[in-house]
Structure formats: structure tokens, C-alpha cells
Number of protein chains: 2
Amino acid sequence: MTRVLYSLCGRDENRPFSPHCWKVSMALAHKGLDFVERPYPFTAIPEIEEGFSKTVPILRDGDRLVRDSFEIAVYLDEAYPDRPTLFGGEGGKALSRFVESFSQMVLHMPVTKMAIMHIHDMLDTPDQQYFRASRLDRLGKEIEAVAAEGDAERETFAARLEPVRRTLHFQPFLGGDSPLFADYILFGALQWMRVTAGPPPLAADDSVMQWFARCLDLHDGLGRRVTAA
Amino acid sequence: MTRVLYSLCGRDENRPFSPHCWKVSMALAHKGLDFVERPYPFTAIPEIEEGFSKTVPILRDGDRLVRDSFEIAVYLDEAYPDRPTLFGGEGGKALSRFVESFSQMVLHMPVTKMAIMHIHDMLDTPDQQYFRASRLDRLGKEIEAVAAEGDAERETFAARLEPVRRTLHFQPFLGGDSPLFADYILFGALQWMRVTAGPPPLAADDSVMQWFARCLDLHDGLGRRVTAA
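These numbers were taken from a predicted model, which means no experiment stands behind them.

(A) Broad picture of the overall build of chain A. A count of helices and strands for chain A gives nine helices and four strands. Along the chain direction, N to C, the helices and strands of chain A fall in the order β-α-β-β-β-α-α-α-α-α-α-α-α. Across its three principal axes, chain A shows a C-alpha extent of roughly 45 × 45 × 30 Å. Counting all 229 residues of chain A, 57% fall into the buried class. By sequence separation, contacts in chain A at least 24 residues apart represent 69% of the contacts at least 6 residues apart. For chain A, the accessible surface area stands at approximately 9700 Å², while carbon and sulfur atoms represent 49% of it. In chain A, the 26 positive side-chain charges and the 33 negative ones have mean positions that sit 1 Å from each other.

(B) How the structure looks around the side chain of R97 of chain A. Examined against the element boundaries, R97 of chain A turns out to sit in helix 3 (residues 90-122). Assessed through its relative accessible area of 8%, R97 of chain A is described here as buried. At 2.8 Å, the side chain of R97 of chain A forms a polar contact with the side chain of E100 of chain A. Look past the residues within four positions of R97 of chain A in its chain and what remains in contact with it is F70 and E71 of chain A together with R166, T167, F170 and Q171 of chain B.

(C) Region of the structure containing the packing of aromatic side chains. Counted according to the given criterion, the structure contains 23 aromatic pairs over all chains. Where F187 of chain A meets F212 of chain A, the ring centres are 5.5 Å apart and the plane angle is 40°; that geometry is what we call tilted. You can see F187 of chain A sitting in helix 8 (residues 181-196) and its partner F212 of chain A sitting in helix 9 (residues 207-221), a full 25 residues away along the chain. Taking relative accessible area as the criterion, F187 of chain A reaches 0% and is therefore assigned buried. Site record: aromatic cluster; members linked through ring pairs are F17, F42, Y130 and F131 of chain A. The positively charged end of R67 of chain B is found above the aromatic ring belonging to F52 of chain B, 4.4 Å away from the centroid. The aromatic ring of F173 of chain B is capped on one face by R214 of chain B, whose charged end is 5.6 Å from the ring centroid.

(D) View of the pairing of strand 1 (residues 4-8) of chain A. Residues and elements named next belong to chain A. Of all five residues in strand 1, five are buried, a share of seventy percent or more. Burial of strand 1 is two-sided: the residues V4, Y6 and L8 facing one way and the residues L5 and S7 facing the other way are all buried. Taken together, the five bridges between strand 1 and strand 2 (residues 36-40) define a ladder with parallel strand orientation. Its bridge partner being in strand 2, V4 is matched across the sheet by V36. One ladder, built from three bridges, connects strand 1 with strand 3 (residues 58-61); its direction is antiparallel. Its bridge partner being in strand 3, Y6 is matched across the sheet by I58.

(E) Inspection of the interface of chain A and chain B at higher detail. In this assembly, 30 residues from chain A lie in contact with 30 residues from chain B. Each partner contributes to the roughly 2400 Å² buried at the junction of chain A and chain B, and carbon and sulfur atoms together form 71% of this total. Ranking the residues of chain A by area buried against chain B places L95, F98 and R166 of chain A at the top, with a combined share of 31%. With a closest N to O distance of 3.1 Å, R166 of chain B and E100 of chain A form a salt bridge. At the boundary of chain A and chain B, one finds ten residue pairs in polar contact (both at pLDDT 80 or more). With 15 residues, the top contributor of residues to the side of chain A that touches chain B is helix 3 of chain A. In terms of residue class, the side of chain A that touches chain B is built from 14 nonpolar, eleven polar and five charged.

(F) Inspection of the sheet that holds strand 2 (residues 36-40) of chain B at higher detail. All names here are of chain B. Strand order in the open sheet made by the four strands is 2-1-3-4, with mixed pairing throughout. The open sheet has two free edges, formed respectively by strand 2 and strand 4 (64-67), since each of these has just one partner strand. The sheet shows a mean angle of 20° between the axes of neighbouring strands, direction not considered. Sitting on the sheet, helix 1 (residues 19-30) touches strand 1 (4-8), strand 2 and strand 3 (58-61), and the angle it makes with strand 1 is about 155°. Its contacts with the sheet place helix 2 (residues 69-79) against strand 3 and strand 4, and it is angled at close to 135° to strand 4.

(G) How the structure looks around the pattern of salt bridges. A full pass over the atoms with the stated rule returns 34 salt bridges over all chains. D217 of chain A is paired through a salt bridge with R224 of chain A; the nearest N and O atoms lie 2.8 Å apart. For K113 of chain B, the salt bridge is made with E149 of chain B, and the minimal N-O distance between the two is 2.8 Å. Highlighted residues: K113 of chain B in helix 3 (residues 90-122) and E149 of chain B in the loop between helix 5 (143-147) and helix 6 (150-160), separated in sequence by 36 residues. Taken together, the shared-partner salt bridges in this structure form one network comprising K113, K141, E149, E153 and R160 of chain A.

(H) Quick look at helix 6 of chain B. All names here are of chain B. Taken as a whole, helix 6 has its buried residues at G150, E153 and F157. With its buried residues spanning 55° around the axis, helix 6 presents them on a single face. Residues of helix 6 that are exposed and point more than 90 degrees away from the buried face comprise D151, E155 and A159. Along its buried surface, helix 6 packs onto helix 3, helix 5 and helix 8 (181-196).

(I) Representation of the UniProt feature "domain: GST N-terminal" (unreviewed entry) in chain A within the structure. Per the UniProt annotation, the sites labelled "domain: GST N-terminal" (unreviewed entry) are residues 8-84 of chain A. For the annotated span residues 8-84 of chain A, helix accounts for 30% and strand for 18% of the residues, and the straight-line distance between the end C-alpha atoms is 26 Å.

Reading the values: rules and limits
- Residues numbered from 1 in each chain as written.
- Chains lettered and ligands numbered in written order.
- Predicted model: local features only at pLDDT ≥ 70, side-chain atom pairs only at ≥ 80, totals over all residues.
- Heavy atoms only, no water.
- Helix = DSSP H or I, 4+ residues; strand = E, 2+ residues; numbered from the N terminus.
- Buried < 20%, exposed > 50% of the residue type's maximum accessible area, 1.4 Å probe, protein only.
- Contact = heavy atoms within 4.5 Å.
- Areas by Shrake-Rupley, 256 points an atom, 1.4 Å probe, with all protein chains shown as cover.
- Lys, Arg positive; Asp, Glu negative; His and termini not counted.
- Charge placed at Lys NZ, Arg CZ, Asp CG, Glu CD.
- Polar contact = N/O pair within 3.5 Å; in protein donor to acceptor, adjacent residues only side chain to side chain.
- Phe/Tyr/Trp six-rings, centres within 6.5 Å; stacked < 30°, edge-to-face > 60°.
- Lys NZ or Arg CZ within 6 Å of the ring centre and 35° of its normal.
- Pairing = 2+ DSSP bridges.
- Buried area = accessible area lost by both parts, 1.4 Å probe.
- Salt bridge = Lys/Arg side-chain N within 4 Å of Asp/Glu carboxyl O.
- Nonpolar A, V, L, I, M, F, W, Y, C, P; charged D, E, K, R; others polar.
- Axes fitted to C-alpha atoms, helices over the stretch in contact; angles between N-to-C directions.
- Arc of directions from axis to C-beta.
- UniProt positions renumbered as here; feature names shortened; annotations may be inferred.

Structure below.
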């Protein structure tokens, strides 16, 4: 019985880049669960598992299909309680939503602005058309106009991570002495940047960059199997 | 044996305002532990418990003295494991540091700018002199210059809370279905504002304001025993 993570790619299926799919790859490795990753281009997502979800990640685990990265993490902790925990208890599960919300509301738009043209250029032609139209719809402007704001975001990106930096003053991972799903949430955002547009614009001696390097090393260097753009 | 929370006040000892002391008041109530609050003015803190700490909160619990709001919460959960948990497990404890860091790095400076003259005006004369000098040292400018930036902060304060707002989309408290210390951390920042400068500049129908009202209702309305400025 093969466990399958359906994820997202451009022309090169060896360079999956979705932040949400990276969260799940790391979560599966954290639980020590074997899986096969099957990256799909944007326009082929409706073909996955008979249109089970409009978005990836989707996890097939035997008879079960689960969508949404957070829901998948909750599922994995419930289905495999004897494996290493992703949340460290109910409090950790609840507060992981706050980390997710911080990542979505504070980091995702800046990464989008820095990475959007790079993502576009990684896609095959039908996906480029889909991406251009869907981002115009979602962001209210052409991708070139979004990308024009990317340089300014590079200047202020480090400051956005101050709450993370202060946390790392107390402990090596958001999850404490070792990583939890909360770390993979934040890792997903920076890995998305790294795989599409290149390393996050942070100094080498920034404690957040050092934490990111620790995350890239986890699980036999799973995150490093895809090189930086 | 009386449990004592040493906290901070101005001329009126019935209006304790320190965010960190409010975190501990709420944490003690959450654990169902009786305590007496003894608010001190800034310049009298060195007299508390023979100079045990330069800052409040300080908790005396029988033979034990504990300083620092986070350390006090950790102590309470360890000393009273059969009472309601403040962290909901090790993951919750670790991620509460991230909530603390968000509050410190994203909210405390704006609240300082909005509240600093109000705090000054609440203090007795020797404390006003101490406050003026210590803030000049810490912030690099006179308190009037800090306060001059307060109006601009009122405009942008709601946006800073977007990660909280999105979290409350999923659950009524940061801690999930019921509050944890993480809620009291954030509550402390808004209560500090409320007691010194008046209600936080948020719309009545803002889910963050509704969460704040729920927090004020907790523990027999502990937070409402001090009226808004």
C-alpha cells in the first residue's frame, strides 16, 4: 500500500515548490512514514483522485484521502499516535494555527511579490496562462505589477521575522528543543522562496537563517534534495 | 499562607496596568489559586522582597519567589499539575514563546507610543521623574516625542493583529476552545492599553475586540475590575 502525496510543480517535476506541500513532506518525514510524492502542474490538479480537491496538497493514505496541509497534519497525528508528535499536545495544535496565520498574513504576500515572476517562468505554457489569470483575479493586478514591488519587500523581509528571531533566542526550534509542525509551517514559506526565487533575503548570521539551515538538514536533508533557485 | 503577586501601579493602587503583571493575574485565576495583589510604584520595586528582582511581576508562593511572567506561568503549571493547564502540553509551552515574541515585537511599541503620556500622568512625582529618564534611555527620545507618534499607530494597529484575527477564524481563543497562557499574553498587551490610554483602537465588530471582551469576562470578570481609562 503506497502512501501518496500529491503536490505542485512546474515543467520540472523534480522541483516541487508549494509551501503547503513542503509542510506535508516534512510532516510525513517527521512521522517516519514512507511516501511517494507525485507533483502535478496547476491545470492538472482537477485530475487528481477524480477531482477530490481544487488545491494540493492531497494525501492518499490507504483508503483515506485528506486535503489541506493543516488537516493532513492533524490526521497524521491522530492516525499515528505512536510516531513522533507534530503538535506536542492540544495546546501546540491550537497555537500552530497562530503560526500558520502569522506565516499567511505576514510572510506569504512578500514572498509572492519576490517570487511571482520566477514561479511563472517555471511553469509550462498552459499553466502560465492559468497562473496569470488566477493571480490577476486574486491580486487585482498583472503579475509584472506584483513583481515590481518585490525589491522593496527584500529590504523589509528580515524585519517581518522579528517575532521568530526573538523566539529563537529561547530555543532552537519554534517547537522547542526539536521541531514540530509549527516549524514546518514557517519552513514551507521560506522553502517556497528558496526553490523559486532563491535564498530568503536574510544575513548568513541571522538566527532565522540558521534555523532555516537546521530545518533543511532535518530528515536526511529532505529539503536540500531540491537546490536553491 | 498567603500567595502574593507583586505588581505595578501609579498613584492609584487600584489601577494596576503592567501587561506582564496582568498575564500573571489571569494565570493565577486560571489555575484557581487565591492570591493577594500588591501593586508597587516603579521606584519602590527595589524594596520588594529585599530586592529580589528589578522588575515585576514577582510571585511569592509560600517559600518560593519567582520572577518574570513566563517563568511564573511555567512554575505554576509545574507546581500545580492537577489544576487547569496554562500551556496544554510541551508544544503549547514552546509556541507560547512565539506568541510572547509576537506581542513584544509587534504590539508593545505601538501601545507604548499610544499610552506613554497617559502612563506618565498616572504616576506620582518621583515615579514620573524615573519614568521620563528610563524611557529616554531606553527609547532614545523624550516621552513627548514618543507620544507624538501615537496617532499614526492608532491608524495601523488593527492591521498588526491580522495573524490573531485569522486564528480566531478557526477557534474562539488562541489556546483553542478555551484560553491558555498564550491568550493571557496577548490580553496583557491590550489590557495595558485599556487601563492607561483607553480601549484598543479596534472596531466593535472586529473579532479581536470580541475575543478581548471574552477575555475580560473570564474568571468572574477579573479584567473588568479595573475600568477602561
